[in-house]
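Residues per chain, in single letters:
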Number of protein chains: 2
Amino acid sequence: MMKDFECTQESYAREVLREKGLKSTTQRLAVVHVLHTSRKSLSVGEIHDGVKEMLGATGLATIYRTLEMFEDLGIVKRLHFPDGGRGYAFSQGEHVHHMVCVDCRGVFDFPECPVESFDYASVEKQGFRVKDHFVQLFGQCGKCAEAA
Amino acid sequence: MMKDFECTQESYAREVLREKGLKSTTQRLAVVHVLHTSRKSLSVGEIHDGVKEMLGATGLATIYRTLEMFEDLGIVKRLHFPDGGRGYAFSQGEHVHHMVCVDCRGVFDFPECPVESFDYASVEKQGFRVKDHFVQLFGQCGKCAEAA
DNA sequence: TATTAAATGAGAATGATTTTCAATTAGCTC
DNA sequence: GAGCTAATTGAAAATCATTCTCATTTAATA
Ligand SMILES: [Zn+2]
Ligand SMILES: [Zn+2]
Ligand SMILES: [Zn+2]
Ligand SMILES: [Zn+2]
């Protein structure tokens, strides 16, 4: 299965999968497509709907399996909303963070890392070794601010 | 219901609840107790267990209701783990962030805010208005590093 | 085109969270 | 301290989210 036209995001995913000896299945590429063509983060259900629209009946378990795997591979980033909901956004492995609109769940990247230059001394003094971090900004996007 | 001995955390919760016209029930104070006496973040189930140990049979729904309410009141902070799990940590409304040990789920506060001095210009240029943020550091605590 | 390990689908199973409503209780007032 | 009342709880059902199982299908390679 190799489409004539393939966007950079799909090629990227295909490449990462191949490197790991994983298969570039129709379903996996559809998940990439659905995610990267959305300017908002999507819930598992929304991704499932999007994939079904492209491919017809598709198992929900496949979506779960794909998202978990993509997260490990850095192909998607999981976001957390104040209301407890979760969303997924496409990612190309780069170190980026997101700001999310709490109204429409739109996602906006920001490549600068606010934590990068942070001095961990005070926390490492407590014997803690920092390995990773999660940063997410909340707010309102321009459209939602207007609408309000 | 007013205990003879009450720690500052419990008084704090009691005060916040009173200010909002909410009742300081035995169950709610037990949730506070269980959380603030734990040096690790706790899952809903663990909190439920802790409360049952203090009070005997207690409805799980009450724990959920309490945690949701406490989150709104700033009495607890919800944490997110890489494996998808969630944990809750006691909080006194202050602006703190947490580093969490991915092995034992221990929580360590750090009062410095890495995002505070961050220049939002690049993101606000996109029409986005930043209102809040979530920062969490991951790593290994001293004990778990030794054990490993 | 044949081979084969990897992946999918369907539904059952499990687990997490929310809802419902009758019974209980905290926080007043007297 | 007893009585009042709205807020809260408990228990179980209902709903929603996630994982598992295993027979079938498919991508990748030769
Ligand atoms: Zn928006
Ligand atoms: Zn960063
Ligand atoms: Zn630890
Ligand atoms: Zn902060």
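Structure's up top.
Residues numbered from 1 in each chain as written. Chains lettered and ligands numbered in written order. Predicted model: local features only at pLDDT ≥ 70, side-chain atom pairs only at ≥ 80, totals over all residues. Heavy atoms only, no water.

(A) Inspection of the coordination of the zinc ion (ligand 3) at higher detail. Residue and element names in this part refer to chain B. Bound to the zinc ion (ligand 3) on the protein side are Cys101 (SG), Cys104 (SG), Cys141 (SG) and Cys144 (SG), at distances that span 2.3 Å. Of note is the zinc ion (ligand 3), whose four donor atoms meet at the metal with angles of 106 to 114° in an arrangement that counts as tetrahedral. All donors of the zinc ion (ligand 3) come from a single chain, and their spacing in sequence reads C-x2-C-x36-C-x2-C. Residue Cys101 is located in strand β3 (residues 97-101), and its partner Cys144 is located in helix α6 (residues 142-147); the two are separated by 43 residues in the primary sequence. (Donors = N, O, S within 2.8 Å, 3.2 Å for Na, K, Ca; no water. Tetrahedral: all angles 85-135°; square planar, octahedral: opposite > 155°, others 65-115°. Helix = DSSP H or I, 4+ residues; strand = E, 2+ residues; numbered from the N terminus.)

(B) Molecular detail of the coordination of the zinc ion (ligand 1). Residues and elements named next belong to chain A. Listed as protein donors to the zinc ion (ligand 1) are Cys101 (SG), Cys104 (SG), Cys141 (SG) and Cys144 (SG); their distances from the metal cover 2.2 to 2.3 Å. Coordination at the zinc ion (ligand 1) comes from four donor atoms whose angles at the metal span 105 to 114°, giving a geometry best classed as tetrahedral. Each donor residue of the zinc ion (ligand 1) lies on one chain, and together they are spaced C-x2-C-x36-C-x2-C. Within this pair, whereas Cys104 is found in the loop between β3 (97-101) and β4 (107-110), its partner Cys144 is found in helix α6 (residues 142-147), the two being separated by 40 residues in sequence.

(C) Here's a closer look at the protein's contact with DNA strand D. Near DNA strand D lie 19 residues; those nearest to it are Tyr64 of chain A together with Thr25, Arg28, Thr62 and Arg65 of chain B. Within 4 Å of the protein, atoms of DNA strand D come from sugar and phosphate in 68% of cases. Note that a phosphate oxygen of DNA strand D is positioned 3.4 Å from one of the side-chain N or O atoms of Thr26 of chain A. Separating a phosphate oxygen of DNA strand D from a backbone N or O atom of Lys23 of chain B is a distance of 3.1 Å. Taken together, the elements giving at least two residues each to the surface near DNA strand D come down to α4 (60-73) of chain A together with α2 (26-36) and α4 (60-73) of chain B. The residue makeup of the surface near DNA strand D, split by class, is six nonpolar, seven polar and six charged. (Near = heavy atom within 4 Å. Polar contact = N/O pair within 3.5 Å; in protein donor to acceptor, adjacent residues only side chain to side chain. Nonpolar A, V, L, I, M, F, W, Y, C, P; charged D, E, K, R; others polar.)

(D) Region of interest: the relation of the copies chain B and chain A. Mapping chain B onto chain A calls for a rotation angle of 180° and an axial translation of 0.0 Å; the resulting RMSD is 0.1 Å. Both copies are brought into coincidence by an operation consistent with a two-fold rotation axis. Of the C-alpha atoms belonging to chain B, the one lying closest to the rotation axis is found on Val135 of chain B, 2.3 Å away. Counting the interface residues of chain B, we find that 97% of their copies in chain A are interface residues as well, pointing to one common contact surface. (Least-squares fit on C-alpha atoms with pLDDT ≥ 70 in both. Contact = heavy atoms within 4.5 Å.)

(E) Representation of the protein's contact with DNA strand C within the structure. Close contacts around DNA strand C come from 18 residues, with Thr25, Arg28 and Arg65 of chain A together with Lys23 and Tyr64 of chain B the closest. Close to the protein, within 4 Å, the atoms of DNA strand C are drawn from sugar and phosphate at a rate of 68%. At a separation of 2.8 Å, a phosphate oxygen of DNA strand C approaches a polar side-chain atom of Thr25 of chain A. In this structure, Arg65 of chain A approaches DNA strand C through a side-chain N or O atom, which is 2.9 Å from a base nitrogen. Sort the elements by how many residues they give to the surface near DNA strand C and α4 of chain B lands first, with four residues. Looking at side-chain class alone, the surface near DNA strand C contains five nonpolar, seven polar and six charged residues.

(F) Structural context of the pairing of β4 of chain A. All names here are of chain A. As judged from the four bridges shared by β3 and β4, these two strands associate in the antiparallel manner. Across the sheet, residue His98 finds its bridge partner in β4, namely Asp109. The hairpin formed by β3 and β4 contains five residues between the paired strands, and Arg105 there has a positive phi angle of roughly 65°. (Pairing = 2+ DSSP bridges.)

Purely geometric numbers; function is a separate question.
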